[in-house]
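Now for the letters of each chain:
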Amino acid sequence: MGSSYVVIGDGIAGSSAAETLREQDPDADIRVLTDEGEPLYNRILIKEFAKGKLPEAPIAIHEEDWYEERDIELSLNTHVTAVDVEDRVVLTHEGEEIPYDDLLVATGGTPGQLPVENSDADGIYHFWTFQDARGIRQRAEQADTGVIIGAGLLGIDLAAICGAHEVSAHYLMRGECWWRYAMSPDGAEIIHNAMRELDVTPVFGCNTERFEVDDNGQVVATIDDEGNRYDSEFVGIAIGLNFNTEFLQKADIELDDGIVVDEYMRTSNPHVYAAGDITRFYDVLLGDYTQNGAWGSAKSQGQVAAENMAAAEPTTEFRWVTSYSITHFDFPFLSFGHPTEGDRYIERRYSDTEWRRIAIRDGRVVGGVLIGDLAPQNTLKRLIRQETIVDGHEEELLSESVHEESIAPAIEG
Ligand SMILES: Cc1cc2nc3c(=O)[nH]c(=O)nc-3n(C[C@H](O)[C@H](O)[C@H](O)COP(=O)(O)OP(=O)(O)OC[C@H]3O[C@@H](n4cnc5c(N)ncnc54)[C@H](O)[C@@H]3O)c2cc1C
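Values in this document were obtained by computation on a predicted structure and should not be read as measured data.

Criteria and cut-off values
- Residues numbered from 1 in each chain as written.
- Predicted model: local features only at pLDDT ≥ 70, side-chain atom pairs only at ≥ 80, totals over all residues.
- Heavy atoms only, no water.
- Near = heavy atom within 4 Å.
- Polar contact = N/O pair within 3.5 Å; in protein donor to acceptor, adjacent residues only side chain to side chain.
- Areas by Shrake-Rupley, 256 points an atom, 1.4 Å probe, with all protein chains shown as cover.
- Helix = DSSP H or I, 4+ residues; strand = E, 2+ residues; numbered from the N terminus.
- Nonpolar A, V, L, I, M, F, W, Y, C, P; charged D, E, K, R; others polar.
- Pairing = 2+ DSSP bridges.
- Axes fitted to C-alpha atoms, helices over the stretch in contact; angles between N-to-C directions.
- Contact = heavy atoms within 4.5 Å.
- Salt bridge = Lys/Arg side-chain N within 4 Å of Asp/Glu carboxyl O.
- Buried < 20%, exposed > 50% of the residue type's maximum accessible area, 1.4 Å probe, protein only.
- Phe/Tyr/Trp six-rings, centres within 6.5 Å; stacked < 30°, edge-to-face > 60°.
- Lys NZ or Arg CZ within 6 Å of the ring centre and 35° of its normal.
- Domains from an automatic or database assignment.
- Buried area = accessible area lost by both parts, 1.4 Å probe.

**Some points on the site of the ligand**
Lining the immediate environment of the ligand, one finds 32 residues, of which Asp35, Glu36, Arg43, Lys47 and Asp277 sit closest. Glu36 places a polar side-chain atom, nitrogen or oxygen, 2.6 Å from an oxygen atom of the ligand. In the environment of the ligand, a nitrogen atom lies 2.9 Å from a nitrogen or oxygen atom belonging to the backbone of Val80. Compared with its free state, where it exposes 1,000 Å², the ligand has 96% of that area covered by protein. The element contributing the most residues to the shell around the ligand is strand S22 (residues 323–326), with three residues. For the shell around the ligand, the residue count by class is 14 nonpolar, twelve polar and six charged.

Okay, here's the thing in structure tokens:
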């Protein structure tokens, strides 16, 4: 148990950890460092702001008073450049040295850049911060044409933003369908049709080669590797995250495309914990190391890390089935658990807007995607949590209403 805690990152993981640390350890010194210029805000709502559907105010979660009331010292615009894990000191860009007994790293990721000509032109946006959302909204309000690159969950937000601002857009995807790692073309077709209704045209098998700019350095078009030209006064790129671990390069902490932690959120150094998107964590339900990129999971990891940091010995396990929903269309969409971690997949389409895919690994459900009808989600998540063997029950898993008694009579609600 430490009496002096430093938390790097004031996203949902870092902020929920600081709150839990204060609850668990009323007398401790707690300091939160963030390189953003504003305290915690709702990152999953910034898309609604960018669409023009929400004003700024409801996006904020904490004002600076929130930290003062809890005697938590918050430092905004403070970039951490290094951690000395031997002497237990954090170094900031201004040369400040901040000692700690226990450290939490909750620094998330930064959007990857497309390594092509003119990718830094004006009018080309990546989407992670509230500041990004402000720029995207302003640009999309003015643009008539757009291009979206990156066929994952964040790309859909960019498509919806184009739709909301009546930007006629092309959505360029390298594969044969949207989110090809978790979807089949049959299920993805539902999403493609919904995009078309927003005047966002999916283009498959397409690699971006360069951007054309005008004399003012503004993007005007996107060119693919077959020479096709797409007018684009607005370009949104969402091709994945680079995890923010540069400041740990000299620290003796195990990294593997993120920070490796056990089920207690503890890194390879006993005085350093990590939480949120940045972690490659041991998932006790999956029986393997994996990553989550979702708000609820990051919040829970922050709380679990903090409980363990404040305890004499870590005992609280992270046991969580994550979910991520998309609400831009007339039908609901939910990804749950680890939809890409199966050793086999079963799926069925029920109508033009209803589809289900379930990932199974070692005979157990580990995740899936539901479109249209989300009613089976509670049962499917319970099957994951209970680690139920479902071999031989594929038909029940795909039946319109999933009755868990027929799969696992012994499961208790
Ligand atoms: C547009 C958008 C839409 C999303 N929609 C959903 C959704 O619908 N559902 C869902 O579940 N999830 C969604 N997500 C993902 C979700 O927001 C993230 O999983 C979650 O916010 C991760 O929280 P975190 O605290 O781990 O990291 P972050 O929120 O990324 O916070 C990390 C913080 O650390 C700071 N930092 C990084 N490096 C340093 C450093 N060296 N020094 C100081 N500070 C540093 C960063 O600036 C940042 O403020 C969305 C994300 C985005 C961007």
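After that view of the structure, there is still more to cover.
**Concerning the sheet that holds strand S2 (residues 29–33)**
Pairing is parallel in the open sheet, where five strands are placed in the order S3-S2-S1-S7-S19. The sheet terminates laterally at strand S3 (72–75) and strand S19 (272–274), the two strands that pair on one side only. Geometrically, the sheet is characterised by an average inter-axis angle of 20° between neighbouring strands, direction not taken into account. As defined by bridge partners, strand S7 (residues 102–105) adjoins S19 across three bridges and the pair is classed as parallel. Paired with Val105 across the strands is Ala274, a residue of S19. Its contacts with the sheet put helix H1 (residues 12–24) on strand S1 (4–8), S2, S3 and S7, and the angle it makes with S2 is roughly 170°.

**As for the pattern of salt bridges**
For the structure shown, the criterion picks out 25 salt bridges. Linking Arg361 and Asp288 is a salt bridge whose minimum nitrogen-to-oxygen distance equals 2.6 Å. You can see Arg361 sitting in strand S25 (residues 354–361) and its partner Asp288 sitting in strand S21 (residues 288–290), a full 73 residues away along the chain. When its relative accessible area of 16% is taken as the criterion, Arg361 is described as buried. On the basis of relative accessibility, which here comes to 27%, the residue Asp288 falls in the partly exposed class. Residues joined by salt bridges that share partners form a network here, namely Glu317, Arg319, Arg364 and Glu387.

**Looking at unusual backbone geometry**
Non-glycine residue Asn118 carries a positive phi angle of around 70°. Within the secondary structure, Asn118 sits in the loop between strand S8 (109–111) and strand S9 (124–126).

**So, the packing of aromatic side chains**
Tallied over the full model, the rule gives eleven aromatic pairs. Both rings, one in Phe49 and one in Phe130, keep their centres 5.3 Å apart while their planes meet at 90°; by these two values the pair is edge-to-face. On the criterion of sequence distance, the pair formed by Phe49 in helix H2 (residues 46–50) and Phe130 in helix H4 (residues 130–142) is long-range, its members being 81 residues apart. Following the ring pairs from residue to residue traces out a cluster consisting of Tyr41, Phe49 and Phe130. Directly above the aromatic system of Phe130 lies the positively charged group of Arg134, at a separation of 3.9 Å from the ring centroid.

**Quick notes on the domain arrangement of the chain**
Along its sequence, the chain is organised into domain 1 (4–110 + 241–310), domain 2 (113–237) and domain 3 (330–407). One C-alpha centre belongs to domain 2, the other to domain 3; they are set 30 Å apart. Taken together, the contacts link 13 residues of domain 2 with 15 residues of domain 3. If you sort the residues of domain 2 by the area they bury against domain 3, Ala182, Asp186 and Ile190 come out on top, with a joint share of 42%.

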